Amino acid sequence: MSDPLELADRYVAVWNEPDGTARRVAVGELWAADGRHILQPPQEVLKAAADLGLTTTFEAHGHTELEHRVRLAYEEFVAPGTYSFRRRDDVTKLRDAVKFTWEMVAASGEVAGVGTEFLLLDVTGKIVADYQFIEG
């Protein structure tokens, strides 16, 4: 996939997709078979881990874990009708990397959360590494 806007739109769409089969297909189309999603944990999780002398990273590897990750996010945030996700107009690509910001929007239209996505792509344009930073 050479168009970074199309990639960002398809990426955000998978998190809003209500149909499980369509989500599974989209995961397979977006991520490489060995692709991974690495999420920066929320500050409260990092603090709790540090208080225990631990570090923490949230990761999903491969299509099965990625499908599970996307499904859980959909069920928690989108399915109840509370939120949806949309991208901001800051998509940029540099060689095999795509970066953009997304918003989690409440049904009222208020922005409830913001994140930055940094995607590394393979030669076919599929995501091999998906770094997600929750901004607020």
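Anyway, here's the lowdown on the structure attached to this text. Predicted model only: the values in this text are computed from it and were never measured. (Residues numbered from 1 in each chain as written. Predicted model: local features only at pLDDT ≥ 70, side-chain atom pairs only at ≥ 80, totals over all residues. Heavy atoms only, no water.)

Let us now look at the overall build of the protein. Along its length, the protein carries four helices and seven strands. In the protein, the succession of α and β elements from N to C terminus is α-α-β-α-β-α-β-β-β-β-β. In terms of C-alpha radius of gyration, the protein reaches 15 Å, essentially the compact-globule figure of 14 Å for 136 residues. Buried residues in the protein amount to 35% of all 136 residues. Across the protein, every contact between residues at least 6 apart in sequence was considered, and the portion connecting residues at least 24 apart equals 46%. Of the charged side chains in the protein, 14 are positive and 23 negative, and the gap between their average positions amounts to 2 Å. (Helix = DSSP H or I, 4+ residues; strand = E, 2+ residues; numbered from the N terminus. Rg over C-alpha atoms; globule rule 2.2 N^0.38 Å. Buried < 20%, exposed > 50% of the residue type's maximum accessible area, 1.4 Å probe, protein only. Contact = heavy atoms within 4.5 Å. Lys, Arg positive; Asp, Glu negative; His and termini not counted. Charge placed at Lys NZ, Arg CZ, Asp CG, Glu CD.)

All right, on to helix α1 (residues 4-16) then. In a regular helix each residue adds 1.5 Å, so 13 residues correspond to 18 Å; α1 covers 19 Å between its end C-alpha atoms and thus fits that length. Where α1 is concerned, the buried positions are Leu-7, Ala-8, Tyr-11, Val-12, Val-14 and Trp-15. Angular distribution of buried residues about the axis of α1 spans 150 degrees; they occupy a single face of the element. One side-chain oxygen at the N-terminal end of α1 lies 3.0 Å from the backbone nitrogen of Leu-5; it belongs to Asp-3. (Expected span 1.5 Å × (residues − 1). Arc of directions from axis to C-beta. Polar contact = N/O pair within 3.5 Å; in protein donor to acceptor, adjacent residues only side chain to side chain.)

Evaluation of the coordinates by the stated rule reveals nine salt bridges. One salt bridge in this structure joins Arg-10 and Glu-6, with 4.0 Å as the shortest N-O distance. Taken as a pair, Arg-10 and Glu-6 lie in helix α1 at a separation of four residues, close to a single helical turn. The closest approach of N and O atoms between Glu-103 and Arg-88, which form a salt bridge, is 2.6 Å. A residue pair is termed long-range when its members are at least 10 positions apart, and Glu-103 in strand β5 (residues 97-106) and Arg-88 in the loop between β3 (83-87) and β4 (92-94) qualify at 15 residues. (Salt bridge = Lys/Arg side-chain N within 4 Å of Asp/Glu carboxyl O.)

Right, let's talk about the packing of α1 against helix α2 (residues 20-30) for a bit. Between α1 and α2, the shortest axis-to-axis distance is 10 Å and the interhelical angle comes to 145 degrees. The two elements α1 and α2 meet at a crossing, and its hand is left-handed. In this structure, α1 uses Leu-7, Arg-10, Tyr-11 and Val-14 to contact α2, whose residues at the interface are Arg-23, Ala-26, Val-27, Glu-29 and Leu-30. When grouped by side-chain class, the residues that make up the contact of α1 with α2 number six nonpolar, no polar and three charged. (Axes fitted to C-alpha atoms, helices over the stretch in contact; angles between N-to-C directions. Left-handed = near helix turned anticlockwise from the far one by under 90°. Nonpolar A, V, L, I, M, F, W, Y, C, P; charged D, E, K, R; others polar.)

Time to look at the nonpolar core. Residues Tyr-11, Val-14, Trp-15, Trp-31, Phe-100, Leu-119 and Ile-127 are the most contacted members of the largest nonpolar core, which totals 25 residues. Listing elements by their share of this core, those giving two or more residues are α1, α2, α4 (62-78), β5 and β6 (111-121). The dominant element in this core, judged by the number of residues it contributes, is α1, at six residues. Excluding residues within four positions of it along the chain, Tyr-11 makes contact with Leu-30, Trp-31, His-37, Phe-100, Glu-117, Leu-119, Ile-127, Asp-130 and Gln-132. (Core = buried A, V, L, I, M, F, W, Y, C linked by side-chain atoms within 4.5 Å.)

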